[in-house]
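The chain contents come next:
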Amino acid sequence: MAAKQEMKTLYHCVFNLNLHLVLVTKYRRRCIDAAILTRLHGIFVSLAERWGCEMLEFNGEPDHVHLLLSVNPKVAPSVLVNNFKTVSSRLIRKEFTAQVRRVYRKPVFWSRSYCIVSCGGAPLSVLKQYVKGQAGVESGDH
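What you see is a predicted model, and the numbers here were worked out from it, not measured in a lab. (Residues numbered from 1 in each chain as written. Predicted model: local features only at pLDDT ≥ 70, side-chain atom pairs only at ≥ 80, totals over all residues. Heavy atoms only, no water.)

Participant: Could you clarify how one ought to interpret the layout of surface pockets in this entry?
Facilitator: In this approach, a probe sized like a water molecule rolls over the atoms, and the result shows the empty space that is left. Quantified by volume, the largest pocket comes out at close to 300 Å³. Considering the residues around the largest pocket, the lining is formed by 14 residues, among which Asn16, Cys119, Gly120, Gly121 and Ala122 are closest to the centre. Taken together, the elements giving at least two residues each to the lining of the largest pocket come down to strand E3 (17-25), strand E6 (110-119) and helix H4 (124-132). Looking at the lining of the largest pocket element by element, the count peaks at three residues for E3. (1 Å grid on protein atoms, 1.4 Å probe; cavity = no way out; pocket = protein on both sides within 12 Å on 5 of 7 lines; lining within 4 Å. Points joined across faces, edges and corners; volume = space filled by probe spheres on them. Helix = DSSP H or I, 4+ residues; strand = E, 2+ residues; numbered from the N terminus.)

As structure tokens, this is what we get:
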């Protein structure tokens, strides 16, 4: 039997929104070590709390990180990602100056691009079948 999804609430809505976010270093340079990864985790947990979100999982490799976030519907994903990248880049460049300068001459850390994917819940095929099976307007075919 499938596990029941945990729903969250705001004043006028019920939701369960999960996002998988992948952030890549500029030019995919391999500059993230264990110390930076640990610090990034702390930064992202703190930012998630400020945004009313929750960090469900975090990990990374020398050239990218993965975040699994539970977000609320008031959060615009692109604005959230921009804030996560801006704040983390600034703090990492400040706290690990010598290490980052060995890789980047300019004040950069993350690539402009990112990958964000909605996840969790029923598969799309199941949702399509559910919507298709709802009673429609009698006069039209959908």
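Anyway, onward from the coordinates.
Participant: Just checking my understanding: could you explain the side chain of Lys85 for this structure?
Facilitator: Structurally, Lys85 is set in helix H2 (residues 77-95). Despite being buried, Lys85 has no salt bridge partner; Asp63 is the closest side chain of opposite charge, sitting 14 Å away. Here the side chain of Lys85 touches Ser111 through a polar contact of 2.7 Å, landing on its backbone oxygen. Residue contacts for Lys85: discarding those within four places in its chain leaves Leu23, Trp110, Ser111, Arg112, Ser113 and Tyr114. (Buried < 20%, exposed > 50% of the residue type's maximum accessible area, 1.4 Å probe, protein only. Lys, Arg positive; Asp, Glu negative; His and termini not counted. Salt bridge = Lys/Arg side-chain N within 4 Å of Asp/Glu carboxyl O. Polar contact = N/O pair within 3.5 Å; in protein donor to acceptor, adjacent residues only side chain to side chain. Contact = heavy atoms within 4.5 Å.)

Participant: Is there a simple way to explain the pattern of salt bridges in this structure?
Facilitator: Pairing of side chains with opposite charge becomes possible as their charged atoms draw close. With the rule as written, the count across this model stands at three salt bridges. Between Arg28 and Asp63 there is a salt bridge, with the nearest N and O atoms lying 3.0 Å from each other. Residue Arg28 is located in the loop between E3 and helix H1 (34-50), and its partner Asp63 is located in the loop between strand E4 (54-61) and strand E5 (64-71); the two are separated by 35 residues in the primary sequence. Take Arg28: its relative accessible area is 45%, and that puts it in the partly exposed class. With a closest N to O distance of 2.6 Å, Arg39 and Glu95 form a salt bridge. Taken as a pair, Arg39 in helix H1 and Glu95 in helix H2 lie far apart in primary sequence, 56 residues in all.

Participant: Mind showing me how you'd approach the packing of aromatic side chains here?
Facilitator: Geometrically, a pair of aromatic rings is defined through the distance of the ring centres and the angle of the planes. Counted under the stated rule, the structure contains three aromatic pairs. Through a chain of ring-to-ring contacts, the aromatic side chains of Phe44, Phe58 and Phe84 assemble into a single cluster. A cation over an aromatic ring shows up here: Lys26 above the ring of Tyr27, its NZ or CZ 5.4 Å from the ring centre. (Phe/Tyr/Trp six-rings, centres within 6.5 Å; stacked < 30°, edge-to-face > 60°. Lys NZ or Arg CZ within 6 Å of the ring centre and 35° of its normal.)

Participant: Any chance you could explain the sheet that holds E3 here in plain terms?
Facilitator: Consider a sheet: its strands pair through backbone hydrogen bonds, and that pairing is either parallel or antiparallel. Read from one edge to the other, the open sheet built from four strands follows the order E4-E5-E3-E6, with strand pairing classed as antiparallel. On the outer flanks of this sheet lie E4 and E6, each paired with one strand and no other. Direction aside, the axes of adjacent strands within the sheet are offset by 15° on average. Taken together, the eight bridges between E3 and E5 define a ladder with antiparallel strand orientation. Residue pairing in the sheet places His20 in a bridge with Leu68 of E5. (Pairing = 2+ DSSP bridges. Axes fitted to C-alpha atoms, helices over the stretch in contact; angles between N-to-C directions.)

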